[in-house]
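Analysis of the macromolecular model
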Amino acid sequence: MVFKSSISLLLLMCSLTACYEKKSASVELSGLNYTNTWITEFYVDGYAGHGISPNGGGGKYVCCVNVPRKWHKGMKVTIRWLKDDLVPNLWKEQVVEVPEYTAEDIGTFAVHFYPDDSVKVLITSIIEGHPNYPYPRPN
């Protein structure tokens, strides 16, 4: 009887697990630097990125950033970055809204750094340079 109860409990647990849907996804983090200065390090809600050469990036990825599988209105992240500037250890920080994405878009969390210290983020499955990439490299 104990054996039969154990099997029933195991089957119940398996069926409950099958119904469980993960609410977040781990995606790779990539930075794109559109400035003339090194970005020595950056963070997205505490998740560490990589150093990015002046006017470079996009080809290096760091694992991982957790994002909700389903986008919601008002979704924001905090970006912190350190520029290799004349003033050492001058951290910059900006809270950035995450644009709408679908489950098919979940692939990479891309952070774009602009010369005016503005930052844009994007959760995307396409790479910079693709005709449909929404943030083209500035001229």
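So, a few notes on the structure that sits alongside this text.

Conventions we followed
Residues numbered from 1 in each chain as written. Predicted model: local features only at pLDDT ≥ 70, side-chain atom pairs only at ≥ 80, totals over all residues. Heavy atoms only, no water. Disulfide = S-S within 2.5 Å. Helix = DSSP H or I, 4+ residues; strand = E, 2+ residues; numbered from the N terminus. Contact = heavy atoms within 4.5 Å. Pairing = 2+ DSSP bridges. Axes fitted to C-alpha atoms, helices over the stretch in contact; angles between N-to-C directions. Buried < 20%, exposed > 50% of the residue type's maximum accessible area, 1.4 Å probe, protein only.

We now examine the state of the cysteines. Using the criterion set out here, one finds one disulfide in the structure. Two residues, Cys63 and Cys64, share a disulfide whose sulfurs are 1.7 Å apart. As the torsion about the S-S bond is roughly -75 degrees, the Cys63-Cys64 disulfide counts as left-handed.

Our focus in this paragraph is the environment of Val67. Mapped onto the elements, Val67 comes out in strand 4 (residues 62-68). Remark: the alpha-carbon pair of Val67 and Lys23, spanning 44 residues in sequence, is separated by 8.6 Å. What Val67 contacts, discounting residues up to four positions off in sequence, is Lys23, Ser24, Ala25, Val27, Tyr101, Phe109 and Ile123.

This part covers the sheet that holds strand 4. With respect to topology, four strands assemble into an open sheet ordered 4-1-7-8, the strand pairing being mixed. Looking at which strands have only one partner, the edges of the open sheet turn out to be strand 4 and strand 8 (119-124). Averaged over all neighbouring strand pairs, the angle between strand axes comes to 35 degrees, with direction disregarded. In terms of strand pairing, strand 7 (residues 108-113) meets strand 8 through six bridges, oriented antiparallel. In the sheet register, Thr108 faces strand 8, and the bridge partner there is Thr124.

Let us look at unusual backbone geometry. Trans peptide bonds make up most of the peptide bonds, and negative phi angles are found at most residues other than glycine. Of note, the phi angle at Asp45 is positive, near 50 degrees, even though the residue is not glycine. Position of Asp45 relative to the elements: it lies in the loop between strand 2 (39-44) and strand 3 (47-48). By relative accessible area, which is 44% here, Asp45 ends up partly exposed. The phi dihedral of Asn55 is positive, around 55 degrees, even though this residue is not glycine. Structurally, Asn55 can be placed in the loop between strand 3 and strand 4. What makes Asn55 partly exposed here is its relative accessible area of 41%.

Right, let's get into the sheet that holds strand 3. Across a sheet, strands are paired by hydrogen bonds formed along the backbone, either parallel or antiparallel in direction. Spatial strand order, 3-2-5-6: four strands in an open sheet with antiparallel pairing. Edge positions in the open sheet fall to strand 3 and strand 6 (91-97), since each of these has one partner strand only. As paired strands, strand 5 (residues 76-83) and strand 6 are joined by seven bridges and run antiparallel to one another. For Trp81, the partnering residue across the bridge sits in strand 6 and is Lys92.

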